[in-house]
Amino acid sequence: MTALPTPPSRTEQVFDAIIDDICTGRLTPGTPLRQEQLAERFNVSRQPVQQALLLLRNQGLVREFGRRGLEVAPLDREFVSHLYDLRELLDGYAARLAAERRTDAWLKDAAEVVRSGEQAYAESAFARMISADVEFHRTVVEAAGNPLLTESTGVMWRNVQRVMGEVLLQGGSPAWVWEDHAAILDAIEAGDPARAEDLARRHAAHGEQLILDAMDGRPPVATGLRPM
């Protein structure tokens, strides 16, 4: 008998809702987070709100301020650099393993994610772009077949999702992001671990530059990965 999936707890629901608000800019850096207001908004007691905020603090998305208060953590260049250094390593490793372990069913699903992201880009649907981008990289991690890698990338991608939201709100996403994804998928499909890893690492490095340029008010570069 197949077990039914466990429904998300109230804490998980509140956690995801606050994440969405941070990533879409509804909660901007420095915004105070009041337990009473959040509980009223989400129609829950204060306990799941308190637990969700503690998780968000542990993951670096909110921080303490004042006396026993919390606020949305601001972004800074050092944090982005640390985050993307880690992403470059983990994304490259995941792409290498995916090229060795991919299946036909996985390739079909991954291609659909890329098509979804390209469509979202064409329609300037920012929320869908972020969702599809994160889903593509999570899909690659799943193909790697390493449960510890899946766990390790979870917190990282929460922060990447937040950072990506900031960039889209400031100036949008360039077309090369999805061109890069298509190139990474091609290398995985071809069963070329070295190329898949190289492309994934270079993509992460370009992503870091995109974030830093946006933070400095510079327009995004027009090109991504170069043919090799």
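Just so you know, the residues in each chain are numbered from 1, in the order the chain's sequence is written. Given that this is a predicted model, residues contribute local features only at a pLDDT of at least 70 and side-chain atom pairs are listed and counted only at 80 or more, while totals for whole chains, interfaces and linings are drawn from all residues. Working from all heavy atoms in the structure, the side-chain values ignore hydrogens and water.

Peer 1: It is not clear to me how the environment of Ala99 should be interpreted in this structure. Could you clarify?
Peer 2: As for its placement among the helices and strands, Ala99 is situated in helix α4 (residues 77–101). Think of it in three bands: residues with accessible area under 20% of the maximum for their type are buried, residues over 50% are exposed, and the middle band is partly exposed, with areas taken using a 1.4 Å probe on protein chains only. Residue class for Ala99 comes out buried when judged on its relative accessible area of 2%. Placed 90 residues apart in sequence, Ala99 and Glu189 show a C-alpha to C-alpha distance of 6.6 Å. Residue contacts are defined here by distance: any two heavy atoms, one from each residue, within 4.5 Å place the two residues in contact. Apart from the residues within four sequence positions on either side, Ala99 is in contact with Ala187, Ile188, Gly191, Asp192, Pro193 and Ala196. Helix numbering and strand numbering both begin at the N terminus, where a helix is a DSSP run of H or I of at least 4 residues and a strand a DSSP run of E of at least 2.

Peer 1: Got a minute to help me understand the sheet that holds strand β1 (residues 32–33) in this structure?
Peer 2: Sheets are built from strands that pair by backbone hydrogen bonding, the pairs being arranged parallel or antiparallel. Taken in spatial order, the 3 strands of this open sheet run β1-β3-β2, and their pairing is antiparallel. One side of each edge strand has no neighbouring strand; the edge strands of this open sheet are β1 and β2 (62–65). Strands are labelled as partners when DSSP assigns at least two bridges between them. Inspection of the sheet shows β1 paired to strand β3 (residues 69–72) by 2 bridges, in the antiparallel sense. Paired with Pro32 across the strands is Glu71, a residue of β3. The axes are straight lines fitted to the C-alpha atoms, using for helices just the contacting stretch, and the angles between their N-to-C directions are given from 0 to 180°. The strands touched by helix α3 (residues 46–58) are β1, β2 and β3; relative to β2, the strand with the most contacts, the crossing angle is about 100°.

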